[in-house]
Amino acid sequence: MRVSANDKVNVAVIGLGWPGQRHLDGYAATPFVHVGAICDMSDDLLTGTRTARGVERAVHHYEDVLAMPEIDAVSVCLPNWLHVPVSIAAIGAGKHVLCEKPLANTLAEGERIAAAVHASDRIFMLALNNRFRVEIQALKRIVDAGTLGEVYYARAGWTRRKWAGLSGWFTDKAKSGGGPLIDLGVHMLDLTLWLMGSPRATRVSGAVYDRLARELHPSGTFDVEDLAAAMIHLDNGAAIALETSWMSYTEREYIYSELLGTQGGAKFERGNNRNDAGLGDMPPFQLFTSLAGEPVNAEPVDIALSPMDRLLASFANETRHFAECVRDVTPPIATVDQGLEILRILDAIYRSAAEGREITISRR
Ligand SMILES: NC(=O)c1ccc[n+]([C@@H]2O[C@H](COP(=O)([O-])OP(=O)(O)OC[C@H]3O[C@@H](n4cnc5c(N)ncnc54)[C@H](O)[C@@H]3O)[C@@H](O)[C@H]2O)c1
């Protein structure tokens with residue numbers, strides 16, 4: 001690639017909320033990356049981040065970042081409805097893009113960005129940080145080695161008892177694209193499909209509710225679901241049961257992906273990202289198999305990082321991978337087409353729930 005004058009990949013981060021800060025942490029930990037600019041419409045966030053991190057250029061409008069010739073690549077860490085227009089503008093301006101999940105707030109928007117990426121020679125990567133957890137990378141190697149045999153069923157979910165952060169664009173369907181399904185479900189559905197070798201969905205049955213949201217209504221628009229579940233059938237004959245919620249009368253927050261194969265099973269489970277809800281001693285993942293006919297459970301022994309450090313490391317690994325792809329002109333492991341496949345499934349779940357029938361997924 002064209003490497004910047006300072007011989008580093010020169011990046012800008014657009015959107016400086018929690019994920020934007022994690023992208024900045026990741027880039028700061030990557031020696032061959034230089035953060036040349038940051039962007040956020042919030043003055044406080046922009047000034048505070050610039051002061052804390054010593055970035056040369058700080059601007060309020062993303063168009064100003066895209067006009068900077070020295071910037072090679074951008075992280076798009078903006079609210080969902082801005083992912084597509086800003087990513088397309090960035091590609092048009094010759095920038096490589098690392099875009100936060102979900103790919104888009106609708107399937108049609110997802111198809112728009114996919115077309116733009118395919119028509120361009122710029123690198124586009126979807127920021128699916130859970131793939132970059134050290135424990136998931138280890139689990140992926142174990143699954144790819146055939147240890148579980150044929151994986152024919154999986155259950156995955158992210159269900160919250162109550163999310164205090166519900167506000168703003170998250171609960172406005174026109175801006176977010178949906179509720180916990182597109183917010184949290186994207187993470188666990190992507191992770192599970194990827195661990196299974198990225199089979200494609202064939203048909204979907206969905207159930208979507210807003211029963212608690214109607215009563216515990218935060219101020220402002222709330223026209224998204226508060227709970228969604230689905231049975232997703234895949235082209236290799238396997239199926240995934242998926243469940244997500246922002247609020248539900250469940251014991252605690254559950255975040256999990258469990259694969260069931262002909263020779264073994266594997267479970268990734270964790271507590272709350274931020275405080276781990278007292279579940280810090282959970283194993284990074286577990287394996288279930290049988291040896292000489294005896295049922296045996298196993299867990300990794302040398303993943304020493306704490307749950308929070310594993311989460312933070314996932315962002316550092318993700319941003320480093322993106323920067324390596326830009327530097328070496330290699331394809332990223334989290335692609336626009338995989339992001340689009342997730343949107344296809346989500347779209348089918350919402351349609352299935354609205355129409356009260358199973359949806360067969362069609363592809364052009
Ligand atoms: N990978 C993860 O674990 C993870 C975690 C949280 C959020 N996310 C994703 O990251 C994205 C951002 O989420 P968030 O919680 O930071 O949202 P947010 O509402 O905090 O927005 C992020 C920032 O974008 C800024 N912004 C909004 N519109 C802008 C514009 N037009 N120009 C410049 N700045 C603008 C806001 O001021 C804010 O600081 C979402 O798509 C979300 O799905 C990913």
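Here is a short report on the structure shown in this document. Along each chain, the written sequence defines residue order, and numbers are assigned to residues from 1. Where local features are concerned, this predicted model is filtered to residues with pLDDT of at least 70; where side-chain atom pairs are given and counted, the filter is 80 or more; whole-chain, interface and lining totals use all residues. Values reported for side chains reflect all heavy atoms of the structure, with hydrogen atoms and water molecules removed beforehand.

Another point: the layout of surface pockets. Two kinds of site are reported from a 1 Å grid over the protein atoms alone, namely cavities, where a 1.4 Å probe fits but cannot get out, and pockets, open sets with protein on both sides within 12 Å along at least five of seven lines, and residues are called lining when an atom falls within 4 Å of a point. Grid points are joined across faces, edges and corners, and a volume is the space filled by probe spheres set on the points. Volume-wise, the largest pocket comes out at about 1,200 Å³. Gly17, Trp18, Pro19, Trp169 and Phe170 are, among the 43 residues lining the largest pocket, the residues nearest its centre. Here a helix means four or more residues in a row that DSSP labels H or I, a strand means two or more in a row labelled E, and each is numbered from the N terminus. Within the residue set of the lining of the largest pocket, elements represented by two or more residues are α1 (18-28), α8 (180-195) and α10 (307-328). With three residues, the top contributor of residues to the lining of the largest pocket is α8. Any residue that is not Ala, Val, Leu, Ile, Met, Phe, Trp, Tyr, Cys, Pro, Asp, Glu, Lys or Arg is counted as polar, Gly included; the first ten are nonpolar and the last four charged. Residues that form the lining of the largest pocket fall into these classes: 21 nonpolar, eleven polar and eleven charged. Looking at the second largest pocket, its volume works out to about 440 Å³. Around the second largest pocket, the lining is made up of 23 residues, and of these Asp337, Leu340, Glu341, Arg344 and Arg363 lie nearest the centre. For the lining of the second largest pocket, the secondary-structure elements that each account for two or more residues are α5 (107-118), α8 and α11 (336-355). Ranked by residues supplied to the lining of the second largest pocket, first place goes to α11 with nine residues. Among the residues making up the lining of the second largest pocket, the classes are represented as eight nonpolar, four polar and eleven charged.

For the rest of this paragraph, the subject is the site of the ligand. The ligand sits among 23 residues. The nearest are Asp40, Asn80, His83, Lys101 and Trp169. Here a polar contact is recorded for every N or O atom pair within 3.5 Å, except that within protein the pair must consist of a potential hydrogen donor and a potential acceptor, and residues adjacent in sequence are included only if both atoms are side-chain atoms. At a separation of 3.0 Å, an oxygen atom of the ligand approaches a polar backbone atom of lysine 101. One nitrogen or oxygen atom from the side chain of tryptophan 169 is found 2.6 Å from an oxygen atom belonging to the ligand. To measure how exposed things are, a 1.4 Å probe is used in the Shrake-Rupley method; for residues, cover is taken only from the protein chains shown. Within the complex, the protein chains bury 81% of what would otherwise be the 840 Å² of accessible surface of the ligand. Only a single heavy atom is needed: when it lies within 4 Å of a molecule or strand, its residue is near that molecule or strand.

Before going further, it helps to spend a moment on the packing of helix α4 (residues 83-92) against α5. Relative orientation of the contacting elements α4 and α5 amounts to 10°, with a least axis distance of 10 Å. Considering their axes alone, α4 and α5 lie roughly parallel with respect to each other. Contacts between α4 and α5 involve Val84, Pro85, Ser87, Ile88 and Ile91 from the first element and Glu109, Arg112, Ile113, Ala116 and Val117 from the second. For the contact of α4 with α5, a count of residues per class yields seven nonpolar, one polar and two charged. Note on geometry: axes are lines fitted to C-alpha atoms, helical ones only across the stretch in contact, with angles between N-to-C directions running from 0 to 180 degrees. When describing relative orientation, an angle under 35 degrees is termed roughly parallel and one over 145 degrees roughly antiparallel, while 65 to 115 degrees is termed roughly perpendicular and anything else oblique. Throughout, a contact is declared for two residues whenever any of their heavy atoms are within 4.5 Å.

Here we take up the sheet that holds strand β8 (residues 201-209). In this analysis, strands are considered paired if DSSP registers two or more bridges between them. Strands sit in the order β14-β13-β12-β11-β7-β10-β9-β8-β15 across an open sheet of nine strands; the sheet is mixed. The outermost strands of the open sheet, each flanked by one partner alone, are β14 (294-298) and β15 (359-360). Taken together, the eight bridges between β8 and strand β9 (residues 227-234) define a ladder with antiparallel strand orientation. If you follow alanine 207 over to β9, its bridge partner there is alanine 229.

What follows deals with the sheet that holds strand β6 (residues 124-127). Strand-to-strand pairing in sheets goes through backbone hydrogen bonds, with the strands running parallel or antiparallel. Taken in spatial order, the six strands of this open sheet run β3-β2-β1-β4-β5-β6, and their pairing is parallel. Each edge of the sheet is formed by a strand with only one pairing partner; in this case those strands are β3 (57-59) and β6. Sheet twist, expressed as the average angle between the axes of neighbouring strands with direction ignored, equals 20°. Sheet topology places strand β5 (residues 96-100) next to β6; four bridges connect them, and they run parallel. When the bridges of β6 are listed, glutamate 100 appears paired with alanine 127. Of the strands in this sheet, β1 (9-14), β2 (33-39), β4 (73-76), β5 and β6 touch α10, which is tilted by about 160° from β5.

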